[in-house]
Amino acid sequence: METITNTLSYISIRNQESISLSKIPILTYGKFSTEVIQLMKEPQVHCVNYFAYPDGEILKFICCLADDKASDIKVFSHELPKREKMQLTSITREVYAFHIYEREITENFGVEFIYSPWPKPVRYAFNRADRSKVVNDYPFYKIQSEELHEVGVGPIHAGVIEPGHFRFLCNGETVLHLEIQLGWQHRGIEDLFLKKSALIQRTVLSESIAGDTAVGHAATFAGLIESLAGISIQDRLNIERTIGLELERIAMHIGDLSNMCIGLAYQLGASVFGALRTPTINYSQLWCGNRFGKGLIRIGGTHYPLNVSLVEALEKYLNNFERRFITMAEKMFSLSSVLMRLENIGTVTKTQMSLIGAVGMSARMTGIERDVRKSHPTGAYQKLPYAPVFDISTGDVWARAALRRKEIVASIDYIRELISMLKTNNETPAKPLFEDNIKLSSNLLSVSLIEGWRGEICHCAITNDQGKIQHYKIKDPSVHNWMALALSLRDLEISDFPINNKSYNLSYCGHDL
Amino acid sequence: MLSLLLIFVAAIYFPGVIVKVKAIFAGRKGPGILQPWYDIFRLLKKGSVYSSSSSFVFQIAAPIYFTTVLVAALFIPFEESIALFSFTGDFVLFAYLLGLGRFVIILSALDVSSGFEGMGANREAFYSMLMEPAFFILMGSLAMFTGYTSFHDIFANLHYNSYFSAIIGIIASYVLANITLVETSRLPVDDPLTHLELTMVHEVMVLDHSGFDLGIIKIANNIKFVLFSTLSANCVIPQALDLWIRIVMLLVIQAAFAAGIGWLESFRARNKMAMNAQYILSINAVALILIFVAMIIKNKI
């Protein structure tokens, strides 16, 4: 037994590939943590998920590390018998990015991670182990000073945004520390995935994980289910899903640019970008009847194939949009009063971002080359390689705005290429599959990664003996990136918080689940 | 009396023009010119809500603020037509009446003991402290240039001397326009439209005021706007013209000033908070130029 674990401490799978649970080597915790810490030191490796799930009297742990160079996902595992008092040595001490996973495991299953530097509740899940902990007694970082003062914002905000509490420790106008307390939006989504067993219910649930990433989460879910059921889908469908993903990216990025302009009190940018968002989401409505792309993605097929007239409308929209967007973006990014509010504000470093395991835009804006579309491509991204925007590295508000600008242009070009691919495709669009035609294989683990507009979305599922989903785990990109916002605020004026918050535009419900 | 009447007339359309111009530049139709006043009347019909953690200071703040601005309006002359109150050094009382109004609003903001409002009060006190020298340097130079020390006499004599008055008038008018932006919390110092408490200056201080109290605070703000722009217009309108032409000129200048604010707020972003102090000091620097010009003209240096 010992020799086997020595030679094979993990199993490597591709993105959206299923693996039999019995093939995952189970390590002792000591070996597990050494191996994981060792591997996490590599710059191209980051953790996409680490979770526990109960299996009878045993608590099983699965850890998935994505390797951007090898384009694979390395799956590690260890076990712990369920006891009154369960203790493990914290990995967070060595790898900061693990804090959120360990806190989540502590909250859900009562496993204590000793020496954890930041052992705080995550979201006060309904099914948490310790019901005596409630959202109102969150253990905030405290100050014992006469000179410093605390400013609390939220969980109810002035604008129509989601609930979240921000606690600033300030020295006058300067923020020393910002602590973000979330969990107010918890809906128990992961549990609902198990309770609602009908496929359509689960699909609709996946669209509601984060309302602004409906297509992203639905595509991740679809990829996962198709992998577990061994369904291979048409090229045509892959192209259409990717167009949906990129359209969502454009719509959200342009909306964010508009919101940032509102934060700067720059009316021209706010109204022009705001007006450009409308045709984008209106195109989604034309395509699938919903402006946020809900209903677009279904398992195995689609109700809304991109027919000739829809493709024509898409091309028309893109041409019109591109011209207006480029003009406005040039104006905005050359206006001194705007640049003064963007440059060198809320700067985070590449080191900080890789330490906290930032993903997606929050990683790319500091120069980390992390993009699932390139490193772990699936579907159309595999057939038609995507070249991510990797040339921004300043890590300030400007970088986040400029990255959006460049990604919008890149997405427009990419959609055009997808359209020409679609035009040469002769497949007859397939209808979505229903319950009766789908049989999930038993005892499998599958990991699905999709680059949503915010960053990588990860869904994991484990099936039991009967081929039913036993555990469903969701990781929204915001889970890690909230810490980036907190780091951005260090030594910054408190009045720059709103523009920083808008420049990240992280999801509350994606974190709270 | 005439000036008071003109101030009230201008106050009716001034806020509406700003909103309308901004809406047009944003590609929207925008509300009617009188909409800001409809909103105020709606507020006046409502009762005020007082936080249980506030004291009488909070309740008297809005009426005092309103009164100080109204009384300050009585000091503003229109060219040679005399204001209701006019005496030597009346501009000092004018400045500190507005100062008193600001002081009670700051007290009321501190009274509700909210983390935001304390910050807003802190910022408002800081900016008005920096702004005060500019106003007095300006009035001092005008006093030196004309040889008089009341609003009425200064403006009545500003245009008699020579065309040097044009230089003085234009610089003074520019400084006053900038003072207006700071005093009335517009861009680039403050953003009156923001919903983000952490970035607010004036708006955050009146967050807890509601109904009738908020209504009179808004009326006072509108009048304050026109007070400064009337002063500014006084510096540039030549006195040789007929009275009715000057009245029309005044009203047009007011409208143009409001439109100018609307234009400014459409095409630029607001300052970074830390830059505001620098911006206000630069207004002081322009005021200093004014005093040098006045001294040169008067052969004092």
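Re the overall build of chain B
Within chain B, the regular secondary structure consists of 11 helices and zero strands. Ordered by position from the N terminus, the helices and strands of chain B form the series α-α-α-α-α-α-α-α-α-α-α. The C-alpha atoms of chain B give 19 Å as radius of gyration, which agrees with the globular expectation for 301 residues (19 Å, within 12%). The buried share among the 301 residues of chain B stands at 49%. Taking all contacts inside chain B whose residues are at least 6 apart in sequence as the whole, residues at least 24 apart take part in 78%.

Quick word on the interface of chain A and chain B
By a widespread convention, an interface's size corresponds to the accessible area lost as its parts come together. With 23 residues of chain A in contact, the opposing surface of chain B contributes 23 residues. At the level of elements, β8 (149–153), α8 (267–288), α10 (336–342) and α17 (497–504) of chain A are the ones that each hand at least two residues to the side of chain A that touches chain B. Classifying every residue of the side of chain A that touches chain B gives 13 nonpolar, seven polar and three charged.

A few points about the sheet that holds strand β12 (residues 456–463) of chain A
All names here are of chain A. Pairing is antiparallel across the open sheet formed by four strands, whose spatial order is β2-β11-β12-β13. Two strands in the sheet have a free side with no partner beyond their single neighbour: β2 (17–20) and β13 (469–475). Each neighbouring strand pair of the sheet contributes to a mean axis angle of 15°, computed without reference to strand direction. Relative to strand β11 (residues 444–451), β2 runs antiparallel, the two sharing four bridges. Paired with S18 across the strands is S446, a residue of β11. Sheet strands touched by helix α6 (residues 214–229): β2, β11 and β12. Its angle to β11, the strand with the most contacts, is close to 150°.

Section: the packing of helix α5 (residues 115–146) of chain B against helix α11 (residues 276–297) of chain B
All names here are of chain B. Interaxial distance between α5 and α11 falls to 9 Å at its minimum, and their mutual angle equals 10°. Comparing their axes, α11 and α5 come out roughly parallel. The residues of α11 that touch α5, namely those facing Y127, L130, M131, P133, A134, I137, L138, G140, S141, M144 and F145, are N276, A277, I280, L281, I283, N284, A287, L288, L290, I291, A294 and I297. Residue composition of the contact of α5 with α11, grouped by class: 19 nonpolar, four polar and no charged.

Comments concerning helix α9 (residues 211–236) of chain B
Counted at 1.5 Å a residue, the expected span for α9(B) with its 26 residues is 38 Å, and the 39 Å between its end C-alpha atoms agrees. Among the 26 residues of α9(B), 22 are classified as buried, and the element is accordingly described as predominantly covered.

Considering the pairing of strand β3 (residues 45–55) of chain A
Residues and elements named next belong to chain A. As paired elements, β3 and strand β4 (residues 58–67) share 10 bridges and run antiparallel to each other. The residue bridging V45 from the neighbouring strand is D67, located in β4. Counted between consecutive antiparallel strands, the loop separating β3 from β4 contains two residues, among which G56 sits at a positive phi close to 65°.

Things to note about unusual backbone geometry
Residue and element names in this part refer to chain A. Look at S71: it is not a glycine, yet its phi comes out positive at around 55°. With respect to the helices and strands, S71 occurs in the loop between β4 and β5 (72–81). Given 15 C-beta atoms within a 10 Å radius, S71 is considered partly exposed.

Examining the confidence of the model for chain A
All names here are of chain A. Of all residues in chain A, 99% attain a pLDDT of 70 or more, and the chain-wide mean is 89. Averaged pLDDT values for the elements of chain A fall to 49 in helix α1 (residues 2–7) and rise to 93 in helix α15 (residues 397–423). Note on residues 1–5: pLDDT is under 50 here. Beyond four places in sequence and across chains, it has three contacts.

Some thoughts on the environment of R341(A)
Summarising the element assignment, R341(A) is placed in helix α10. Measuring from C-alpha to C-alpha, the distance between R341(A) and I499(A) comes to 8.5 Å, with 158 residues separating the pair along the chain. Ignoring anything within four residues of it in the chain, the contact list for R341(A) reads L264(A), I499(A), A269(B) and K272(B).

Observations regarding the packing of helix α7 (residues 164–183) of chain B against α11(B)
Residues and elements named next belong to chain B. Relative orientation of the contacting elements α7 and α11 amounts to 160°, with a least axis distance of 10 Å. One finds that α7 runs roughly antiparallel with respect to α11. At the point where α7 passes α11, the crossing takes the left-handed sense. Residue-level inspection shows F164, I167, I168, I171, A172, Y174, V175, N178, I179 and V182 of α7 in contact with α11, the latter providing I280, I283, V286, A287, I289, L290, V293, A294 and I297. Among the residues making up the contact of α7 with α11, the classes are represented as 18 nonpolar, one polar and no charged.

Here's the deal with the confidence of the model for chain B
With 99% of its residues at a pLDDT of 70 or more, chain B has an overall mean of 89. The complex model carries a pTM of 0.89, and its ipTM stands at 0.84.

Focus on helix α3 (residues 99–109) of chain A
All names here are of chain A. Within α3, nine of the 11 residues are buried, which leaves the element mostly enclosed by the surrounding structure. The set of residues buried in α3 consists of H99, I100, Y101, E102, E104, I105, T106, E107 and N108. At the exit of α3 stands G110, carrying a positive phi of roughly 75°.

Topic: the sheet that holds β4(A)
All names here are of chain A. Taken together, four strands build an open sheet; the order of strands is β1-β5-β4-β3 and the sheet is antiparallel. Two strands in the sheet have a free side with no partner beyond their single neighbour: β1 (11–13) and β3. The average undirected angle you get between the axes of adjacent strands in this sheet is 25°. Along the sheet face, helix α2 (residues 29–40) touches β3, β4 and β5 and points at about 155° away from the line of β5. Each of β3 and β4 is contacted by α3, which is oriented at about 10° to β3, the strand it contacts most.

Reading guide: rules and limits
- Residues numbered from 1 in each chain as written.
- Chains lettered and ligands numbered in written order.
- Predicted model: local features only at pLDDT ≥ 70, side-chain atom pairs only at ≥ 80, totals over all residues.
- Helix = DSSP H or I, 4+ residues; strand = E, 2+ residues; numbered from the N terminus.
- Rg over C-alpha atoms; globule rule 2.2 N^0.38 Å.
- Buried ≥ 20, exposed ≤ 12 C-beta atoms within 10 Å, placed from the backbone.
- Contact = placed C-beta atoms within 7 Å.
- Nonpolar A, V, L, I, M, F, W, Y, C, P; charged D, E, K, R; others polar.
- Pairing = 2+ DSSP bridges.
- Axes fitted to C-alpha atoms, helices over the stretch in contact; angles between N-to-C directions.
- Parallel < 35°, antiparallel > 145°, perpendicular 65-115°, else oblique.
- Expected span 1.5 Å × (residues − 1).
- pLDDT = per-residue confidence, 0-100.
- Left-handed = near helix turned anticlockwise from the far one by under 90°.

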